Amino acid sequence: MALDSILPGAIVRRSSHDVEFDRVLGGGIVPGSITLIGGQPGIGKSTLLLQVALSWQGKVLYVSGEESAEQIKMRADRVNQQKSQTYILAETHLEAVIKEVGVVEPDLIIVDSIQTVYTNTLESAPGTVSQVRDCTSILQRLAKEQNIPVIVIGHITKEGSLAGPKILEHVVDTVLQFEGDRHHSFRILRTLKNRFGSTDEIGIYEMMQHGMIPVENPFKIFLQEKSNLSGSAVAATLEGQRPMLIEVQALVGNAVYGTPQRSTTGFDLRRMHMLLAVLEKRCGLFFGQMDVFLNIAGGLRVTDPATDLAVVAALVSSLEDLTMPPQTCLAGEVGLSGEIRSVQRLEQRIAEAGRLGFEQIFIPAAQATALDVKPGSMRLVQVGHIQELYDQLF
Ligand SMILES: Nc1ncnc2c1ncn2[C@@H]1O[C@H](COP(=O)(O)OP(=O)(O)OP(=O)(O)O)[C@@H](O)[C@H]1O
Ligand SMILES: [Mg+2]
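*Asks:* Lay out the domain arrangement of the protein in plain terms, naming residues and giving numbers.
*Replies:* According to the domain assignment, the protein consists of domain 1 (10-216) and domain 2 (225-393). Averaged C-alpha coordinates put domain 1 and domain 2 at centres separated by 38 Å. At the junction of the two partners, domain 1 supplies 16 residues and domain 2 supplies nine residues. Both sides together, the interface formed by domain 1 and domain 2 hides about 970 Å², and carbon and sulfur atoms give 46% of it. If you sort the residues of domain 1 by the area they bury against domain 2, Phe186, Asp200 and Ile202 come out on top, with a joint share of 40%. On the surface where domain 1 and domain 2 come into contact, there are three salt bridges. Arg242 is paired through a salt bridge with Glu20; the nearest N and O atoms lie 3.0 Å apart. At the junction of domain 1 and domain 2, the tally comes to five residue pairs in polar contact (both at pLDDT 80 or more). Among the secondary structure elements, those contributing two or more residues to the side of domain 1 that touches domain 2 are α1 (19-25), β7 (186-194) and β8 (202-208). Its residues assigned to classes, the side of domain 1 that touches domain 2 comprises five nonpolar, three polar and eight charged.

Printed below as a string of structure tokens:
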């Protein structure tokens, strides 16, 4: 078929009536698509998808190989009291599931989890590589042929990758990851692959007594307990496309036990080692005999290089026991010579900081000229090198 002869068919999406879930999918669920959602045990995958099922406008077949119908009913009562057209099938035999699809005629199918279902065509046990792969392919065919969207839950291995073959990720249209720190209540839904939208979106939820509550203002979670002591700095980061202000905390103290300890939570340890080396070499600050602990508040894990500047500020603030000026945040990547490098979407970060009441932001000097923002009441402090940052801050 000639490409030119194909009429452009717009992607029709159906809303899940969960703003965060729709957002990560690129605007809603695409009929006939198959989505895989992975996450650590107990993170809330079943809760989230049951909520999606309950708020879906139409018939849903929720297949559970992990829990009994009564257990699911209890969860449903906990998260939602409204009437819904959700059918529960506690079944692991895929052929029986397909039969039930013919009876119920759902317009959304949820399978919890892909590791528990098995097909007759193979003799191996559920959860084995071949079973997981074949069951996914069968479900994918079902989705395409009957134009029903299918969402499957997948377990995650200790190392953090989706259990089962990598091929699983190739077969499905969309791969989502549900993550968060078990000891904190917020959860992040991330897109790892999406054939129908960008992979830059994230969804944020707070896990409450009555289920996953979408968080429209992440600031509330990540900054509400911010301290005004030394060692605390705020980074204007980007998570996916969403600007977020997060608190970086550092604790630098004399090493009590011979070898100094270095540890990080939520930030790459090697990156911190690099930043410490740069501070030593370019600013003459010595951390040699110091214990250094770094923590991203709220249990968040950040990878945005623009966090560097706040990490450096927090480290120096703790080392010198000087507090940061109030209502101040930072965005900038630090290079090996101590130079402060440009970051992505600076305007967006500045806008978010302004919206949240910050009064000044430290930004890479190189980017200031290209900036297309009316700073308003925000003071933009341009810094080109970490030595300048030090002089300006303390
Ligand atoms: N009655 C309750 N009130 C508040 N929170 C609860 C209640 N029951 C369970 N939870 C929370 O829900 C979480 C379990 O969520 P869920 O079963 O959706 O996770 P999951 O990712 O599906 O786990 P698994 O991998 O075991 O299937 C638990 O960690 C628990 O903290
Ligand atoms: Mg579950």
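*Asks:* Describe the site of ligand 1, naming the residues involved and giving the relevant values.
*Replies:* What surrounds ligand 1 is a group of 13 residues, the closest being Gly42, Lys45, Ser46, Thr47 and Arg75. Interatomic distance of 2.8 Å between a backbone N/O atom of Lys45 and an oxygen atom of ligand 1. Glu66 has a polar side-chain atom sitting 3.4 Å from an oxygen atom of ligand 1. Protein chains shield 63% of the accessible area of ligand 1, which is 650 Å² for the free molecule. Take the shell around ligand 1: its biggest share by element is three residues, from helix α2 (residues 45-55). Considering only residue class, the shell around ligand 1 consists of three nonpolar, six polar and four charged.

The rules behind each value
- Residues numbered from 1 in each chain as written.
- Chains lettered and ligands numbered in written order.
- Predicted model: local features only at pLDDT ≥ 70, side-chain atom pairs only at ≥ 80, totals over all residues.
- Heavy atoms only, no water.
- Domains from an automatic or database assignment.
- Contact = heavy atoms within 4.5 Å.
- Buried area = accessible area lost by both parts, 1.4 Å probe.
- Salt bridge = Lys/Arg side-chain N within 4 Å of Asp/Glu carboxyl O.
- Polar contact = N/O pair within 3.5 Å; in protein donor to acceptor, adjacent residues only side chain to side chain.
- Helix = DSSP H or I, 4+ residues; strand = E, 2+ residues; numbered from the N terminus.
- Nonpolar A, V, L, I, M, F, W, Y, C, P; charged D, E, K, R; others polar.
- Near = heavy atom within 4 Å.
- Areas by Shrake-Rupley, 256 points an atom, 1.4 Å probe, with all protein chains shown as cover.

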